[in-house]
Amino acid sequence: GPKVLQIPSHQIIDMGQMVTLNCDPVSNHLYFYWYKQILGQQMEFLVNFYNGKVMEKSKLFKDQFSVERPDGSYFTLKIQPTALEDSAVYFCASSWTGADYTFGSGTRLLVI
Amino acid sequence: GDSVTQTEGLVTVTEGLPVKLNCTYQTTYLTIAFFWYVQYLNEAPQVLLKSSTDNKRTEHQGFHATLHKSSSSFHLQKSSAQLSDSALYYCALNNNNAPRFGAGTKLSVKP
């Protein structure tokens, strides 16, 4: 079936630097989401995005985080500057209706 | 806010035997959907089951779950576990914003 692609699959970055995680959602999907999963822990909701706007964000969505989807291209999560505690797997998901979700395989981010 | 509780971090079962993964929830919303997601190693979580109807059994791939609003539960069961069922299982609820996940239960099926 249709897939959500996340690029890159792995990223290592120096603390304090900026990182952009890219998500290529299912075409025609309108709702987009980011989740964070620290190793051995549960997936935590970060943010959802619809019609060019952040609809809801959790306490984990720090001021250093931002999301956008310029001109229907990738849905991106930018972290600037990165911190050690940002090391995690970040999952992107998209949805047509806001009720069924397709997840990507995640980007494994390591901040050193 | 919403919360989902999965009490077992790891469930180990012998192939061919029944398995049950527990899920309870708390929510203040009246209209919500419930999901079980399965995540195989290094793959994306994918929907296994979903339901929003009280006391109705939902089945897929040999697994079944029944939403019981009276007990705030949505347990996942299978009558005969297979080796290929070994994976991470998440219970989640959606209140029309975004799915909220439980901590997950790792299911390990042994020969």
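Sequence order as written defines residue numbering, which begins from 1 separately in each chain. As they are written, the chains are lettered A onward and the ligands numbered 1 onward, keeping that order. Given that the model is predicted, a residue must reach a pLDDT of at least 70 before its local features are reported, and side-chain atom pairs must reach 80 or more before they are shown or counted; all residues, however, enter totals for whole chains, interfaces and linings. Just so you know, side-chain values use all the structure's heavy atoms and leave hydrogens and water out.

Participant: Explanation requested: the state of the cysteines in the structure shown.
Facilitator: As used here, a disulfide is simply a covalent bond connecting the sulfur atoms of two cysteines. By definition, disulfides here are pairs of cysteine sulfur atoms that lie within 2.5 Å. This model, assessed by the stated rule, comprises two disulfides over all chains. At a sulfur-sulfur separation of 1.9 Å, the disulfide partner of C23 of chain A is C92 of chain A. In this structure the cystine formed by C23 of chain A and C92 of chain A twists about its S-S bond by roughly -65°; its chirality is therefore left-handed. With C23 of chain A in strand 3 (residues 19–24) and C92 of chain A in strand 9 (residues 88–95), this pair connects stretches of sequence that are 69 residues apart. Here C23 of chain B pairs with C91 of chain B through a disulfide, and the sulfurs are 1.9 Å apart. Taking the sign of the torsion about the S-S bond as the criterion, the disulfide between C23 of chain B and C91 of chain B, at about -65°, is left-handed. Residue C23 of chain B is found in the loop between strand 3 (19–21) and strand 4 (24–26), and its partner C91 of chain B is found in strand 10 (residues 87–94); the two are separated by 68 residues along the sequence. With respect to class, C23 of chain B is no different from C91 of chain B; both count as buried. Only DSSP runs of H or I with at least four residues qualify as helices, and only runs of E with at least two residues qualify as strands; both kinds are numbered from the N terminus onward. Note on classification: 1.4 Å probe, protein chains only; a residue is buried when its accessible area is under 20% of the maximum for its type, exposed when over 50%, partly exposed between these limits.

Participant: I'm lost on the interface of chain B and chain A in this one. Help?
Facilitator: Accessible area lost when the parts come together is the quantity often used to give the size of an interface. Taken together, the contact pairs 19 residues of chain B with 18 residues of chain A. Carbon and sulfur atoms supply 47% of the area buried between chain B and chain A, which totals about 1500 Å² over both sides. Buried area: the accessible area, evaluated with a 1.4 Å probe, that two parts lose upon being put together, summed over both parts. Area buried by chain B at its contact with chain A is led by P45, N97 and F101 of chain B, which between them contribute 28% of it. The salt bridge criterion pairs a side-chain nitrogen of Lys or Arg with a carboxyl oxygen of Asp or Glu, the two atoms within 4 Å. The interface formed by chain B and chain A includes two salt bridges. Note that D100 of chain A and K50 of chain B form a salt bridge whose closest N and O atoms lie 2.3 Å from each other. Polar contacts, as used here, are pairs of N or O atoms within 3.5 Å; protein pairs need one atom able to donate a hydrogen and one able to accept it. Residues neighboring in sequence count only if both atoms are side-chain atoms. Here chain B is connected to chain A by six residue pairs in polar contact (both at pLDDT 80 or more). If you list the elements that add at least two residues to the side of chain B that touches chain A, you get strand 5 (33–39), strand 6 (46–51), strand 10 and strand 11 (100–101) of chain B. Gly falls in the polar group here, along with every residue not listed as nonpolar (Ala, Val, Leu, Ile, Met, Phe, Trp, Tyr, Cys, Pro) or charged (Asp, Glu, Lys, Arg). Each residue belonging to the side of chain B that touches chain A can be placed in one class, and the counts come to eleven nonpolar, five polar and three charged. Residue contacts are defined here by distance: any two heavy atoms, one from each residue, within 4.5 Å place the two residues in contact.

Participant: Sorry if this is basic, but what is going on with the nonpolar core here?
Facilitator: Nonpolar side chains tend to gather and get buried jointly when the protein is soluble and globular. All names here are of chain B. Counting residues in hydrophobic clusters, the biggest one holds 25 residues, and the most contacted among them are W36, L48, L76 and Y89. Within the residue set of this core, elements represented by two or more residues are strand 2 (10–14), strand 3, strand 5, strand 6, strand 8 (63–66), strand 10 and strand 12 (105–110). A total of four residues in this core trace back to one element, the largest contributor, which is strand 10. Those residues in contact with L76 that sit more than four places away from it in its chain are V19, K20, L21, W36, L48, L49, F63, H64, A65 and Y89. For our purposes a nonpolar core is just a set of buried Ala, Val, Leu, Ile, Met, Phe, Trp, Tyr and Cys residues, chained together by side-chain atoms within 4.5 Å.

Participant: Looking at this structure, how should I read the side chain of S51 of chain B?
Facilitator: All names here are of chain B. Here S51 shows up in strand 6. On the basis of relative accessibility, which here comes to 9%, the residue S51 falls in the buried class. A distance of 3.4 Å separates the side chain of S51 from the backbone nitrogen of T53, its partner in a polar contact. When residues no more than four places from it in sequence are discounted, the contact partners of S51 are I32, A33, F34, K56, T58, L67 and F74.

Participant: Whenever I open this one, unusual backbone geometry confuses me. Can you help?
Facilitator: Comment: phi is negative for the bulk of residues other than glycine, and the bulk of peptide bonds are trans. All names here are of chain A. The omega torsion of the bond from I7 to P8 falls at -5°, within 30 degrees of zero and hence cis. Along the chain, the position of P8 falls in the loop between strand 1 (5–7) and strand 2 (10–13). A cis amide bond links Q80 to the next residue, P81, at an omega of -5°. Relative to the helices and strands, P81 is located in the loop between strand 8 (75–79) and strand 9. Backbone geometry at N51 places phi at a positive 55°, although glycine is not the residue there. Structurally, N51 is set in the loop between strand 5 (43–50) and strand 6 (53–57).

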